Amino acid sequence: MNKLTIKNGNIYDPLNNIKGEQKDLLIEDGKIVSEFSSQENVKEIDATGKTVVPSAIEIHSHIASQQLNWIRLIGSNKKSFRTVWERLTLQSIARNYISNGYTFLLDANVYPSLARQTILDLIALPVLDKGFLLNAGNLWPLEGEFEKSKVESLAYFLSDLLSSTKAFGIKIYNPFESENWNFKEMRNSINQGGKLYNFKSIDIYNILVEAVEYLQLPHSVQAHIEGYELETGRVNLKLLMEELKEFQSGTEKISPNHRNQILHLPHASSYSQDGTNKDLIDYVNENDLIDLDLGIIGFEELNPLITSDRRLMNHLVDNNQIVSPIIKNSVEFEGDFFSGFRKFEKSNPQHCNLWENAIELALEIQDKWKVQLSVNFPHYAHINSIPEIATWLISKKARIKFMNDMNSGFLKDSNIQSNDKELDFNEYVIISRASPAKSLGVLEFKGTLSEGADADVNILDIDLTETDISKDYERFKEALENIEYVIKGGKIIKKQQKIDLQGKGKIFWTEGKINSEEREKAMKSKREFYQKYYSYFYDNLKNEINEKNLKKV
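Trainee: Residue-level account of the overall build of the chain, with values.
Mentor: Secondary structure assignment for the chain yields 19 helices and 22 strands. Taken over the C-alpha trace, the chain has a radius of gyration of 23 Å; the compact-globule value for 553 residues is 24 Å, and the two agree within 12%. Projecting the C-alpha coordinates of the chain onto the three principal axes gives extents of approximately 65 × 60 × 50 Å. Put simply, 78% of the contacts in the chain that link residues at least 6 apart link residues at least 24 apart. Per element, the accessible surface of the chain, about 20900 Å² overall, is 43% carbon and sulfur. Placing the 67 positive and 80 negative side-chain charges of the chain at their respective mean positions leaves the two points 4 Å apart.

Shown next, in the form of structure tokens:
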């Protein structure tokens with residue numbers, strides 16, 4: 001049996017309200033334990049004067065989708081992509097995430113028919129545990145369910161689709177905006193009816209939320225709202241927030257354990273172009289219906305752009321903000337996607353506003369368990385920017401220094417310069433570790449150091465009893481840049497600068513709580529639909545995966 005003691009570390013475990021308590025942490029057979037089965041063959045790490053926290057969790061990334069292959073192709077002749085981004089190989093992705101203390105990643109946007117490619121990449125991705133979300137908001141076989149609000153039928157289909165593809169959850173992405181294929185125009189509002197269908201986009205949000213809650217999936221629906229990075233996005237988000245209030249009375253009854261929200265808002269920084277976040281902040285502070293990840297911009301030299309948002313791509317092209325060829329692709333009856341490169345610049349006031357939005361959301365949302373740290377990797381920032389990003393959250397001094405050369409017009413109107421709030425270290429651990437685990441519904445074994453949890457641990461070479469991280473933010477940044485130990489499942493995968501990429505992680509998946517026999521009866525008509533209207537059969541979506549690579553949640 002593998003046993004490990006981390007002795008005398010200053011432990012932070014927000015789930016158990018432990019804030020810098022010096023104690024030993026015991027690990028046996030990959031789990032946190034209260035005592036060993038025996039005292040034989042116990043290895044020891046002396047963490048005296050050091051900080052011990054759960055490993056970080058990535059709630060929103062693009063690390064195994066078909067779009068990433070196009071990025072690798074387009075970027076092959078770009079020096080920055082080859083050097084800074086290391087061509088986004090699976091090895092470099094794993095190494096960089098581990099270097100920054102991560103042991104679990106979620107890919108946030110995969111079409112069902114492309115899930116096989118994602119599975120192959122996730123199996124090949126070294127060491128890390130992982131999962132992916134299915135983009136289900138544009139599936140034509142669900143037209144009847146969307147039109148007639150057939151929640152139970154929709155839930156059966158989603159459950160079977162998750163089971164077949166081995167996906168972890170459901171993504172909504174500009175639902176049925178693909179009418180553009182037929183009419184060469186896009187709806188400006190999620191309350192606007194379509195020309196082909198007797199329902200609106202907002203109806204799809206409603207019924208998909210209901211279906212996911214019916215299934216009691218670990219993670220809520222993740223919703224990419226139409227018009228992000230544009231004023232249209234703010235308007236549509238406000239419409240959706242008002243609509244979701246109707247679910248409030250039923251939230252306690254239908255929500256699974258470990259999460260409160262019924263909708264997760266990714267890259268929440270992208271829904272206010274003028275830096276006014278009050279409506280979203282007030283809503284999140286007053287309701288438990290939404291949680292969000294921040295989507296912080298890092299201002300790298302170059303950023304890969306991976307999106308299924310046609311409106312955003314049109315805007316960026318029209319404003320000459322794409323710095324590469326674009327690959328456009330349409331997936332039969334499922335939607336479309338775009339790949340290219342863009343550059344975020346401090347001279348651009350819109351980019352500065354997006355940066356400020358994320359910081360303000362992190363500071364002003366009162367319950368940090370509703371906030372998750374993210375950079376929309378690789379779209380908004382490199383994961384290697386996390387140590388510097390962390391300093392902006394814990395130190396006003398650090399962010400003021402970073403803002404020094406930003407757009408003068410932005411600086412004149414900026415709210416964040418006068419905001420004195422800072423996250424303390426415990427709050428930083430919440431948004432980077434505990435809160436993502438809670439939102440994903442895996443807090444039972446990730447994001448915590450509770451007994452029985454996976455032994456995914458970081459040891460930071462910093463003594464917070466002797467360090468004011470607000471003032472000495474450079475020392476804090478150095479500790480994050482040089483995490484001394486990263487432990488996954490009780491195995492040391494990073495010790496100082498040495499990283500072990502030999503192991504394999506698990507693919508997390510779910511099918512929800514449902515009667516499988518009833519589900520199979522309901523799927524008969526769906527299989528017939530695919531056979532009649534698609535170029536492939538429904539059963540072609542099934543991914544055959546060795547059970548040793550899987551973890552069902």
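Trainee: Tell me what's going on with a negative patch on the surface, and back it up with residues and numbers.
Mentor: A cluster of like negative charges, contributed by E388, E422, D461, D468, D472, E474, E478 and E481, occupies part of the molecular surface. Broken down by element, the negative patch gets its largest block of residues, three residues, from helix α18 (residues 473-481).

Trainee: Can you tell me about the pattern of salt bridges, naming the residues and giving the values?
Mentor: The tally for this structure, following the rule as stated, stands at 30 salt bridges. In this structure, the salt-bridge partner of R95 is E86, at a minimum N-O distance of 2.3 Å. Because the salt bridges share partners, they merge into one network encompassing K31, D129, K446, D454, D456 and K488.

Trainee: Would you mind going over the packing of aromatic side chains in detail, with residue names and values included?
Mentor: Centre-to-centre distance and the angle between the planes together describe a pair of aromatic rings. This model, assessed by the stated rule, comprises 25 aromatic pairs. Relative to Y538, the ring of F157 has its centre 5.9 Å away and its plane inclined at 50 degrees; by these criteria the two rings are tilted. On the criterion of sequence distance, the pair formed by F157 in helix α6 (residues 151-165) and Y538 in the loop between α19 (516-533) and β22 (550-552) is long-range, its members being 381 residues apart. Both residues of the pair, F157 and Y538, belong to the buried class. Here F425 and F476 contribute two aromatic rings whose centre-to-centre distance is 6.1 Å and whose plane-to-plane angle is 90 degrees, an arrangement assigned as edge-to-face. Taken as a pair, F425 in helix α17 (residues 425-440) and F476 in helix α18 lie far apart in primary sequence, 51 residues in all. There is no split in this pair, since F425 and F476 are both buried. Here the aromatic residues W140, F157, F333, F529, Y530, Y533, Y534, Y536 and Y538 are joined through ring pairs into a cluster of three or more. The positively charged end of K346 is found above the aromatic ring belonging to F402, 3.6 Å away from the centroid. Note that K526 overlies the ring of F157, its terminal NZ or CZ placed 6.0 Å from the centroid.

Trainee: Go over empty space enclosed by the protein with me, naming the residues and quoting the values.
Mentor: Evaluation of the coordinates by the stated rule reveals seven cavities of 30 Å³ or more. Estimated volume of the largest cavity: approximately 90 Å³. Taken together, N260, Q261, D288, I290, D291, D367, W369, K370, K438 and S439 form the lining of the largest cavity. Of all the secondary structure elements, the ones that give two or more residues to the lining of the largest cavity are β12 (290-293) and α17. Residue composition of the lining of the largest cavity, by class: two nonpolar, three polar and five charged.

Trainee: So what's going on with the environment of A56? Which residues, and what values?
Mentor: Residue position: A56 is located in strand β6 (residues 56-61). With sequence-adjacent residues up to four places away left out, A56 is seen in contact with N100, G101, Y102, T103, F104, S432, R433 and N458.

Trainee: Would you mind going over the packing of helix α14 (residues 386-394) against α18 in detail, with residue names and values included?
Mentor: Packed helices, taken two at a time, are described by their axes: the angle between them and the distance between them. Closest axis-to-axis distance for the α14/α18 pair is 9 Å, and the angle between their directions is 145 degrees. Between α14 and α18 the crossing geometry is right-handed. Between α14 and α18, the contacting residues are P387, E388, A390, T391 and I394 on the first element and Y473, F476, K477, L480 and E481 on the second. Considered class by class, the residues forming the contact of α14 with α18 number six nonpolar, one polar and three charged.

Trainee: Residue-level account of the sheet that holds strand β14 (residues 327-331), with values.
Mentor: In spatial order, the strands read β13-β15-β14; together these three strands make up an open sheet with antiparallel pairing. The open sheet has two free edges, formed respectively by β13 (303-307) and β14, since each of these has just one partner strand. Each neighbouring strand pair of the sheet contributes to a mean axis angle of 15 degrees, computed without reference to strand direction. Both β13 and strand β15 (residues 335-342) contribute to a ladder of five bridges, which runs antiparallel.

Trainee: Go over α14, please, and point to the residues and values.
Mentor: The buried fraction of α14 is high, at eight of nine residues. Burial in α14 covers these residues: I386, P387, I389, A390, T391, W392, L393 and I394.

Trainee: Can you break down the side chain of K50 residue by residue, with the values?
Mentor: Positionally, K50 belongs in the loop between β4 (42-46) and β5 (51-54). Apart from residues no more than four positions distant in its own chain, K50 is found in contact with G9, N10, I459, L460, D461, I462 and E484.

Trainee: Any details on the pairing of β6? Residues and values, ideally.
Mentor: Where burial is concerned, most of β6 is hidden: six out of the six residues are buried. With four bridges joining them, β6 and strand β7 (residues 102-110) adopt parallel strand pairing. The residue of β7 that forms the bridge with S61 is D107.

Trainee: Go over the side chain of N174, please, and point to the residues and values.
Mentor: Along the chain, N174 falls in the loop between β9 (169-173) and α7 (180-183). By relative accessible area, which is 2% here, N174 ends up buried. With residues up to four places along the chain from it excluded, the contact list for N174 reads N138, Y205, H224, I225, E226, D309 and R311.

About the thresholds
- Residues numbered from 1 in each chain as written.
- Predicted model: local features only at pLDDT ≥ 70, side-chain atom pairs only at ≥ 80, totals over all residues.
- Heavy atoms only, no water.
- Helix = DSSP H or I, 4+ residues; strand = E, 2+ residues; numbered from the N terminus.
- Rg over C-alpha atoms; globule rule 2.2 N^0.38 Å.
- Contact = heavy atoms within 4.5 Å.
- Areas by Shrake-Rupley, 256 points an atom, 1.4 Å probe, with all protein chains shown as cover.
- Lys, Arg positive; Asp, Glu negative; His and termini not counted.
- Charge placed at Lys NZ, Arg CZ, Asp CG, Glu CD.
- Patch = residues over 30% accessible without salt bridge, like charges linked within 9 Å, V, L, I, M, F, W, Y side chains within 5 Å.
- Salt bridge = Lys/Arg side-chain N within 4 Å of Asp/Glu carboxyl O.
- Phe/Tyr/Trp six-rings, centres within 6.5 Å; stacked < 30°, edge-to-face > 60°.
- Buried < 20%, exposed > 50% of the residue type's maximum accessible area, 1.4 Å probe, protein only.
- Lys NZ or Arg CZ within 6 Å of the ring centre and 35° of its normal.
- 1 Å grid on protein atoms, 1.4 Å probe; cavity = no way out; pocket = protein on both sides within 12 Å on 5 of 7 lines; lining within 4 Å.
- Points joined across faces, edges and corners; volume = space filled by probe spheres on them.
- Nonpolar A, V, L, I, M, F, W, Y, C, P; charged D, E, K, R; others polar.
- Axes fitted to C-alpha atoms, helices over the stretch in contact; angles between N-to-C directions.
- Left-handed = near helix turned anticlockwise from the far one by under 90°.
- Pairing = 2+ DSSP bridges.

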